Amino acid sequence: MNNTWVNEDNISSFMGNDVFYFNQARIEIQDTIGLRLRKEILEWLNCEITYEQQDATIIFNYCNSKFKNDDTYHIYQTKGKTIIEGNGSKAMLYGFYALIRLRMSHQSEQDYTSTPDQSIRMIDHWDQIDGSIERGYAGASIFFGALNKLDNPDRGDFGVDRVDGDPFRHNQEKLITYARMLASVGINAISLNNVNVRGQGTNLIIDPYLSEVAELADTFRQFGIKLFLSINWESPKHIGGLATSDPLDENVKKFWKDICQGIYKEIPDFGGFLVKADSEGEPGPYQYGRTHAEGANMLARAIGPYQGTIIWRTFVYNSKQDWRDRRTDRAKAAFENFKPLDGQFDKNVILQIKFGPIDFQTSEPLSPLFGALKQTNQMMEFEISAEYLGHQIDVNYVVPQWQHMINVNTKQPDLKDGTSSQVLRETSLNVENTGFAAVGNVGMSPFWTGNPLALANLYGFGRLCWDNRATANDILKEWLDQTFVESNATTKRSIFNIMSTSNETYRMYNAPLGVGFMVVPHFHYGVSVNGYEYDRWGTYHFADRNGVGVDRTQATGSGFTKFYSPKVASQYENVETTPDDLVLFFHHLPYTTVLKNGETLIQTIYDQHFEGYERSSNYLKEWQKLSTDLDKNIYEKVLQCLHKQLQNALEWRDQVNTYFYRMSGIKDKRGRKIYQ
Ligand code: GCV
């Protein structure tokens, strides 16, 4: 049983008889990627490398600086041979995996050139030193495992247990397989540890842990992947014994310079730091009266001499909300904190911005920072782990949502190509310092992910970073072809039908029409309509007997709409032009409002929740037909997940429908059962 798409058993029938040739006279010892590529061929694929070009079926043609981008590869056929060309080993490695993908997904290898659209393609792990993972739903960490646990109980509080001795898991086989998975879709950066850096996790930047981090960096380097670490802003106090962590304090600056020097001695190509500051109780520059630019630049200057990067998150909303005041709005926080700092960040600082203004919800508009920032490096952040998207229990192929987000047009009048994925490149100081990042979703689960089908999201995220124009459906077909190699076309079509509609289905039975956070507090799985309502950090639906939704207009609401370009702002300001799936994100509306779909708001809520349940029930029935054509373990695990999903969809359906029936007093016009 193996649901990785790059698994040698699946691949052998496509590549088994190939003989490889490198047109490089000799391989330099420091060309770690080149050495890895040879290992991939000899040990992983079990194929041959020849010294005689005429004996080869696949030729690696190194051509130094032919291509503008060192990641670009070109695959083509000539005289019955397949040529992979690129500037160097990294391009060759990408080309090698791409060739496997093309063959397995029955695409042409006649003439295929590919260059990544995003420079940084990153997975952020929220793994903790005791082996737990914040918002991890696939078992314990693959990096940390001293406590020898394989599961990751979802505690909802995320404290970290003390670890005596070596906290690292040292499961080299697992790490190599993971690095291969990432490289095969072009991921080139990972951050190892949770952005909430707690307990002993603070010490990952110093020995004895640092030398073990360096070992991990060695593994990932072979696959062209740079390693980053999340840091605790208060490290100068915790590690350095200083009385302050004020970024303008000379001793604090020296502390970070020394830390960087120590890290680069052990990891010469270390990527840099990922920083969550002044957010959800984490410390940051505000507590010293400093701006986020001052905080980030101080670190940037410490790491700059080594070509390191500071990835600074804009997920800052420490402002406690007062439920009496309807103009405070969590959606405004990132913009209000960071837009005024545009142009003040150093060239090696990147702002990592969640795709939406709130927090990885099922339906959110694009963050208005994209397009509004004009002189700041930016990355867009996603969450593969599915915290608000079904915890890798419910089938949720999220790539359609991401595809949509990276193609939203910001309509900024001064920008050439308005789509968010291009805007972040166009408005950054240095295109090399831009990209996409996502919170990772793997763990020690035998399937890598909780629901085996959730691995498609990791695959899809990587593919989408590389090719911003790829469609979610094409990506899914590729993944199915590579993963369910033994299954027949009908089986693959059934799985495709389930997965390709699953994101919409999940949205249907979840919080309605752009409302978020109707989830069980802390855990974020399952329905709780008022779980976070009038919470200290926000109010998300404001439902009462007259209507529902958050008024974020300038005319009568929180004024959030004004952060967008004039065209987008006026679109969202007006109910008539706001898309249905965001209508309650921007407007507080009476239940009788007629939406663009021709139905009333209340009827749409009922219809979507009934349909979401119906679809989940059909998924289960469809899946049950596949038992004989799938690996037994994968079949059983997905089946178990689908049973839980059905129960979840049922709870969402009934609780949401009943809640809104009681609020509105309006019956379902189709007469279906709604509990009183
Ligand atoms: C790592 C959400 C999650 C937190 C997470 C935070 C973040 O609020 O619930 O667990 O913390 O996002 O992105 O920093």
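To be clear, the structure that these remarks concern was listed above.
These lines cover the structure that appears in this document, whether it is placed above or below. (Residues numbered from 1 in each chain as written. Predicted model: local features only at pLDDT ≥ 70, side-chain atom pairs only at ≥ 80, totals over all residues. Heavy atoms only, no water.)

Below, the discussion takes up the overall build of the protein. For the protein, the count of helices and strands is 19 helices and 16 strands. For the protein, whose C-alpha radius of gyration is 25 Å, the value lies close to the compact-globule estimate of 26 Å for 676 residues. The C-alpha extent of the protein, read off along each of the three principal axes, is 80 × 65 × 55 Å. Residues classed as buried in the protein amount to 64% of the 676 residues present. Taking the intrachain contacts of the protein between residues at least 6 apart in sequence as the baseline, contacts between residues at least 24 apart amount to 71%. (Helix = DSSP H or I, 4+ residues; strand = E, 2+ residues; numbered from the N terminus. Rg over C-alpha atoms; globule rule 2.2 N^0.38 Å. Buried < 20%, exposed > 50% of the residue type's maximum accessible area, 1.4 Å probe, protein only. Contact = heavy atoms within 4.5 Å.)

The next point concerns the pattern of salt bridges. Within this structure, the stated rule accounts for 38 salt bridges. Notably, a salt bridge pairs D18 with R103, separated by 2.6 Å at the nearest N-O pair. In this pair, D18 sits in the loop between helix 1 (8-15) and strand 1 (19-22) while R103 sits in helix 3 (residues 89-104), placing the two residues 85 residues apart along the sequence. The partner of R162 in a salt bridge is D164, and the shortest N-O contact between them spans 3.2 Å. Here R162 matches D164 in class, with each residue exposed. Each of E599, D607, D668, K669, R670 and R672 takes part in one network of salt bridges that share partners. (Salt bridge = Lys/Arg side-chain N within 4 Å of Asp/Glu carboxyl O.)

Their axes nearest at 9 Å, the elements helix 18 (residues 601-624) and helix 19 (residues 632-664) cross at an angle of 165 degrees. As summarised for this structure, helix 18 and helix 19 are arranged roughly antiparallel, according to the angle between their axes. Between helix 18 and helix 19 lies a crossing whose hand is left-handed. A per-class count over the contact of helix 18 with helix 19 returns 20 nonpolar, eight polar and one charged. (Axes fitted to C-alpha atoms, helices over the stretch in contact; angles between N-to-C directions. Parallel < 35°, antiparallel > 145°, perpendicular 65-115°, else oblique. Left-handed = near helix turned anticlockwise from the far one by under 90°. Nonpolar A, V, L, I, M, F, W, Y, C, P; charged D, E, K, R; others polar.)

Residues in contact with the ligand amount to 15 residues; listed here are only the nearest, E134, K276, R313, K354 and E387. Take R135: an N or O atom from its side chain is 2.9 Å from an oxygen atom of the ligand. Between R313 and the ligand, the recorded distance is 2.7 Å, taken from a side-chain N or O atom to an oxygen atom. In isolation the ligand offers 340 Å² of accessible surface; the protein chains occlude 97% of this area. (Near = heavy atom within 4 Å. Polar contact = N/O pair within 3.5 Å; in protein donor to acceptor, adjacent residues only side chain to side chain. Areas by Shrake-Rupley, 256 points an atom, 1.4 Å probe, with all protein chains shown as cover.)

Next up on the list: the sheet that holds strand 6 (residues 111-114). Spatially, the six strands line up as an open sheet ordered 2-1-3-5-4-6, and their pairing is mixed. At either margin of the open sheet sits one strand with a lone partner, and together these are strand 2 (48-49) and strand 6. Relative to strand 6, strand 4 (residues 73-78) runs antiparallel, the two sharing four bridges. Directly across from H74, in strand 6, lies its bridge partner T113. (Pairing = 2+ DSSP bridges.)

Look at helix 5 (residues 209-221): 18 Å from first C-alpha to last across 13 residues, which is about the 18 Å you get at 1.5 Å a residue. Counted residue by residue, helix 5 has ten buried out of 13 residues, so it is predominantly covered. Turning to helix 5, its buried residues number three or more, namely Y209, L210, E212, V213, A214, L216, A217, T219, F220 and R221. If you follow the buried residues of helix 5, they end up packed against helix 2 (32-44), helix 4 (172-184), strand 8 (189-191), strand 9 (226-230) and helix 7 (250-266). (Expected span 1.5 Å × (residues − 1).)

What follows covers the packing of aromatic side chains. Applying the stated criterion to the full structure yields 50 aromatic pairs. When the ring of Y94 is compared with that of W466, the centres are 4.9 Å apart and the planes differ by 75 degrees; the resulting orientation is edge-to-face. One end of the pair, Y94, is in helix 3; the other, W466, is in helix 13 (residues 455-466), with 372 residues separating them in the sequence. The pair formed by Y94 and W466 is uniform in burial state, with each residue classed as buried. (Phe/Tyr/Trp six-rings, centres within 6.5 Å; stacked < 30°, edge-to-face > 60°.)

With that out of the way, let us pick up the sheet that holds strand 14 (residues 435-439). Read around the closed barrel, eight strands run 7-8-9-10-11-12-13-14, paired in parallel fashion. Neighbour-to-neighbour, the strand axes of this sheet turn through a mean angle of 25 degrees, independent of strand direction. The strands touched by helix 8 (residues 292-303) within the sheet are strand 10 (272-275), strand 11 (309-313) and strand 12 (349-354), with strand 11 carrying the most contacts at an inclination of about 160 degrees.

Moving on, we get to the nonpolar core. By size, the foremost hydrophobic cluster in this structure holds 208 residues, and its most contacted members are Y178, W256, F273, W312, W479 and W623. If near-sequence neighbours (up to four positions away) are discounted, F273 is found in contact with I205, F228, L229, I231, W256, I259, C260, I263, I303, T309, I310 and I311. (Core = buried A, V, L, I, M, F, W, Y, C linked by side-chain atoms within 4.5 Å.)

This brings us to the side chain of S184. Turning to its location among the elements, S184 is positioned in helix 4. Excluding residues within four positions of it along the chain, S184 makes contact with W5, V6, Y97 and R101.

With glycine set apart, most residues show a phi of negative sign, and most peptide bonds adopt trans. Residues D207 and P208 are joined by a peptide bond in cis, for which omega reads 10 degrees. Inspection of the secondary structure assignment puts P208 in the loop between strand 8 and helix 5. The phi dihedral of E280 falls on the positive side, at around 50 degrees, and the residue is not glycine. Relative to the helices and strands, E280 resides in the loop between strand 10 and helix 8. Backbone geometry places Q307, a non-glycine residue, at a positive phi of 65 degrees. Along the chain, the position of Q307 falls in the loop between helix 8 and strand 11.

The periodicity of an α-helix, 3.6 residues per turn, causes residues three or four places apart in sequence to face the same way. If you check helix 19, its first and last C-alpha atoms are 47 Å apart, about what 33 residues at 1.5 Å a residue would give, namely 48 Å. Positive phi shows up at G665, right after helix 19, with a value of about 70 degrees.

So, about the environment of D581. Position of D581 among the secondary structure elements: in the loop between helix 16 (566-573) and helix 17 (583-586). In the structure, D581 is positioned 389 residues away from L192 in sequence and 35 Å away in space, judged by C-alpha atoms. Apart from residues no more than four positions distant in its own chain, D581 is found in contact with S363, L513 and G514.

For T72, the location among the structural elements is in the loop between strand 3 (58-62) and strand 4. Separated by 2.8 Å, the side chains of T72 and T115 make a polar contact. Apart from residues lying up to four places away in sequence, T72 is in contact with F67, E85, G86, N87, A91, T113, S114 and T115.

Another aspect to go through is the packing of helix 11 (residues 399-406) against helix 13. Orientation of helix 11 relative to helix 13, taken along the N-to-C sense of each, is 20 degrees, at an axis distance of 10 Å. It follows from the interaxial angle that helix 11 and helix 13 lie roughly parallel. Helix-helix and strand crossings are classified by hand; for helix 11 and helix 13 the assignment is right-handed. Here V399, W402, Q403 and I406 of helix 11 come into contact with helix 13, specifically with A456, N457, G460, F461 and L464. The class makeup of the residues in the contact of helix 11 with helix 13 is six nonpolar, three polar and no charged.

This next bit is on the pairing of strand 11. Along any regular strand, the residues point their side chains to alternate faces of the sheet. For strand 11, the tally of buried residues reaches five of five residues, placing the bulk of the element in the interior. Burial of strand 11 is two-sided: the residues T309, I311 and R313 facing one way and the residues I310 and W312 facing the other way are all buried. Summarising the sheet, strand 10 and strand 11 pair through four bridges and their orientation is parallel. Each residue of the ladder has a partner; that of V275, found in strand 11, is W312. Read from strand 10 through helix 8 to strand 11, the crossover connection turns out right-handed. As paired elements, strand 11 and strand 12 share four bridges and run parallel to each other. From the neighbouring strand, R313 faces strand 12, where its bridge partner is Q352. (Right-handed = clockwise from strand over helix to strand, strands pointing away.)

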